[in-house]
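Now for the letters of each chain:
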Amino acid sequence: MREAVAKAAPELLALSHRIHANPEVAWEEEKAARWTAYALDDLGYDVVTGTAGLPTAFTATVGSGPLHLAICAEYDALPGLGHACGHNVIAAAAVGAAAGLAQVADELGLKISVFGTPAEEGGGGKILMLERGAFDGVHAAMMVHPGPADVAEADPYAVAHLKVRYHGKAAHAAAYPERGRNAADAFTVAQVAIGLLRQQLPSTTRVHGMVTRGGEAPNAIPELTEGRWYVRAGNLEELSALQPRVEKCFEAGALASACDLEIEPESRPYSEFRNDAAMLAAYRQAAESLGRTFDSSGSPAARMNRASTDMGNVSRVLPAIHPYLGINSLPAVNHQREFAAACVTPDADRAVLDGALGMALTAVALAGDDRERARLTAPGSRRPSARSRGAGAGRRPASARRCG
């Protein structure tokens, strides 16, 4: 297995660098999905594209054993920042783990599926894949994610992604200002209200966003403004209590400016993450055997484990892990241009190979442990399916809501 990953190393690193050099944002990852799927096809995996009706999703499968493990690949980039979260490393590491397991899956009694999961950066591709049955029959899932330091345990916020739009009325800003209704003023009021609300919010919450459209011309009262806002909390239950308070701030902007408000979710809310202790222990042991050292100090370098992910929704349905791979990027951290540059350095390349081996060795450990195999494959070991329990469902359906 180690030899298989080592043999595949040149192709894995070439894939990582190729995806990095061609960043594609959520739902537009046509090249990255294709290149990743091709690499798995070359390894002998049975590849099916368009999984769950998503054009840039795929499923690649090998083996026919009774224990079905999934490895998730991400490959979307950030608008304007490229691969500043290192999803090129994630995709290449997933393919590397697949390379290590391809020839031993049947021998170990495993079925391995690699899922190409689009739109993690705000679109929630994994949530749609869950709801549409892509993960049905899978017993456990895993992935790795780059950051400034190695951290074993994911502890992300639950998050709601909101599109906010105000509709006012245009007028000449000098000659007829009284005939306009200023949609930019609505955002000003809303942002002041959110800023004041933060004083009363628990430290485990975050509210942040930006105005993406502020008007058309300085001499015209803005009639349409738009923004994207994220509301984060410790878990979905806390999020469901916090989100209405934030939405009241947007309603205040509409009331004060006499504008109409439209709030629309970009995706289902992302859940908090539920780490599977046994899987995490197996990964930690594998990673440490490769010379990785975990930061458990709570230092700023380790804070990336608080970042939200739609893998959290998977963890509410399946046993799952989402450890972080350090790439020695400090002072650069995720979602900075400098971090994007760090994702094709020798340290990032090492993370690709270590992440690949770490996941492959974790799969081997689970397959070889009779107790774990029995636990994961036991009837009823899965949590209720996403389709039956609405995993990731928010407090409001996906249709837009208006007020004003």
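Residues numbered from 1 in each chain as written. Predicted model: local features only at pLDDT ≥ 70, side-chain atom pairs only at ≥ 80, totals over all residues. Heavy atoms only, no water.

Caption draft 1: Examining a negative patch on the surface more closely. A grouping of E11, D41, D42 and D46 is seen on the molecular surface, where their side chains present a negatively charged patch. Take D42: it is sitting in helix 2 (residues 30–42). Using a relative accessible area of 68% as the deciding quantity, one classes D42 as exposed. (Patch = residues over 30% accessible without salt bridge, like charges linked within 9 Å, V, L, I, M, F, W, Y side chains within 5 Å. Areas by Shrake-Rupley, 256 points an atom, 1.4 Å probe, with all protein chains shown as cover. Salt bridge = Lys/Arg side-chain N within 4 Å of Asp/Glu carboxyl O. Lys, Arg positive; Asp, Glu negative; His and termini not counted. Charge placed at Lys NZ, Arg CZ, Asp CG, Glu CD. Helix = DSSP H or I, 4+ residues; strand = E, 2+ residues; numbered from the N terminus. Buried < 20%, exposed > 50% of the residue type's maximum accessible area, 1.4 Å probe, protein only.)

Caption draft 2: The nonpolar core, seen in detail. Core analysis: the largest hydrophobic core is formed by 63 residues, its most contacted members being L40, Y45, L69, I71, L110, I112 and V114. Apart from residues lying up to four places away in sequence, V114 is in contact with L40, Y45, F58, T59, A60, I71, A94 and A98. Membership of the second largest hydrophobic core comes to 29 residues, among which are F115, L128, V151 and V314. (Core = buried A, V, L, I, M, F, W, Y, C linked by side-chain atoms within 4.5 Å. Contact = heavy atoms within 4.5 Å.)

Caption draft 3: Representation of the side chain of S257 in the model. Residue placement: S257 occurs in helix 6 (residues 236–257). Of note is the side chain of S257, whose polar atom sits 2.7 Å from the backbone oxygen of G253. Here S257 is in contact with R181, N182, D185 and A186, once residues within four sequence places are set aside. (Polar contact = N/O pair within 3.5 Å; in protein donor to acceptor, adjacent residues only side chain to side chain.)

Caption draft 4: The packing of helix 10 (residues 346–368) against helix 11 (residues 370–377), seen in detail. In contact at an axis separation of 5 Å, helix 10 and helix 11 are set at 90 degrees when each is read in the N-to-C sense. If you check the angle between helix 10 and helix 11, you find them roughly perpendicular. Each of L366, A367 and G368 in helix 10 lies in contact with helix 11, whose residues at this interface are D370, E372, R373 and L376. A per-class count over the contact of helix 10 with helix 11 returns 3 nonpolar, 1 polar and 3 charged. (Axes fitted to C-alpha atoms, helices over the stretch in contact; angles between N-to-C directions. Parallel < 35°, antiparallel > 145°, perpendicular 65-115°, else oblique. Nonpolar A, V, L, I, M, F, W, Y, C, P; charged D, E, K, R; others polar.)

Caption draft 5: Representation of the sheet that holds strand 1 (residues 46–49) within the structure. Taking strand neighbours across the sheet as the criterion, the 6 strands line up as 1-2-4-3-5-11 in an open arrangement whose pairing is mixed. If you trace the sheet from one side to the other, it starts and ends with strand 1 and strand 11 (320–321), each paired once. Taken together, the 7 bridges between strand 3 (residues 67–73) and strand 4 (residues 110–116) define a ladder with parallel strand orientation. Note that in strand 4 the partner of I71 across the bridge is V114. Helix 2 contacts strand 1, strand 2 (58–62) and strand 4 of the sheet and is inclined by roughly 10 degrees relative to strand 2. (Pairing = 2+ DSSP bridges.)

Caption draft 6: Geometry of the pattern of salt bridges. One pass over the full model with this rule turns up 15 salt bridges. Its salt-bridge partner being R213, residue E216 comes within 2.7 Å of it at the nearest N-O pair. Assessed through its relative accessible area of 59%, E216 is described here as exposed. Since its relative accessible area comes to 32%, R213 is described here as partly exposed. Each of the salt bridges in this network shares a partner with another, and the network as a whole consists of D150, R292, R350 and D354.

Caption draft 7: Main features of unusual backbone geometry. Put simply, L330 and P331 share a cis peptide bond, and its omega is 10 degrees. The backbone of W27 shows a phi angle near 70 degrees, a positive value even though the residue is not glycine. Its place among the elements puts W27 in the loop between helix 1 (2–21) and helix 2. Taking the relative accessible area as the measure of exposure, W27 reaches 37% and is therefore partly exposed.

Caption draft 8: Spatial organisation of the state of the cysteines. Inspection of the entire model under this criterion finds 0 disulfides. We note that C72 lacks a disulfide partner, and the nearest cysteine sulfur, in C85, lies 15 Å from it. Here C343 stays unpaired: no disulfide links it, and the sulfur of C85, its closest cysteine neighbor, is 7.9 Å away. (Disulfide = S-S within 2.5 Å.)

Caption draft 9: Broad picture of the environment of G180. Secondary-structure assignment places G180 in the loop between strand 7 (158–167) and helix 5 (183–197). Residues G180 and E266 lie 86 residues apart in sequence; the distance between their C-alpha atoms is 29 Å. Look past the residues within four positions of G180 in its chain and what remains in contact with it is K169, A171 and I221.

Caption draft 10: Looking closely at the packing of helix 5 against helix 6. Contact pair helix 5 / helix 6: the axes reach a minimum separation of 7 Å and the direction vectors enclose 145 degrees. Helix-helix and strand crossings are classified by hand; for helix 5 and helix 6 the assignment is right-handed. Contacts from D185, A186, F187, V189, A190, A193, I194 and L197 in helix 5 reach R245, V246, C249, F250, A252, G253, A254, A256 and S257 in helix 6. Broken down by class, the residue content of the contact of helix 5 with helix 6 amounts to 13 nonpolar, 2 polar and 2 charged. (Left-handed = near helix turned anticlockwise from the far one by under 90°.)

Caption draft 11: Spatial organisation of the packing of aromatic side chains. Applying the stated criterion to the full structure yields 6 aromatic pairs. Here the aromatic rings of F115 and F135 are separated by 4.5 Å at their centres, their planes lie at 40 degrees, and the arrangement is tilted. Within this pair, whereas F115 is found in strand 4, its partner F135 is found in the loop between helix 4 (125–131) and strand 5 (140–142), the two being separated by 20 residues in sequence. With a centroid separation of 6.3 Å and an interplanar angle of 70 degrees, the aromatic rings of Y283 and F294 are classed as edge-to-face. In this pair, Y283 is assigned in helix 7 (residues 277–289) and F294 in the loop between helix 7 and helix 8 (311–315), connecting sequence segments 11 residues apart. There is no split in this pair, since Y283 and F294 are both buried. (Phe/Tyr/Trp six-rings, centres within 6.5 Å; stacked < 30°, edge-to-face > 60°.)

Caption draft 12: Spatial organisation of the side chain of R232. Structurally, the position occupied by R232 is in strand 9 (residues 224–233). With no salt bridge to any partner, buried R232 finds its closest opposite charge in E121, at an N-O distance of 7.5 Å. Only 2.7 Å separates the side chain of R232 from the side chain of S308, close enough to count as a polar contact. Apart from residues no more than four positions distant in its own chain, R232 is found in contact with Y157, A158, V159, T204, T205, R206, H208, L239, L242 and S308.

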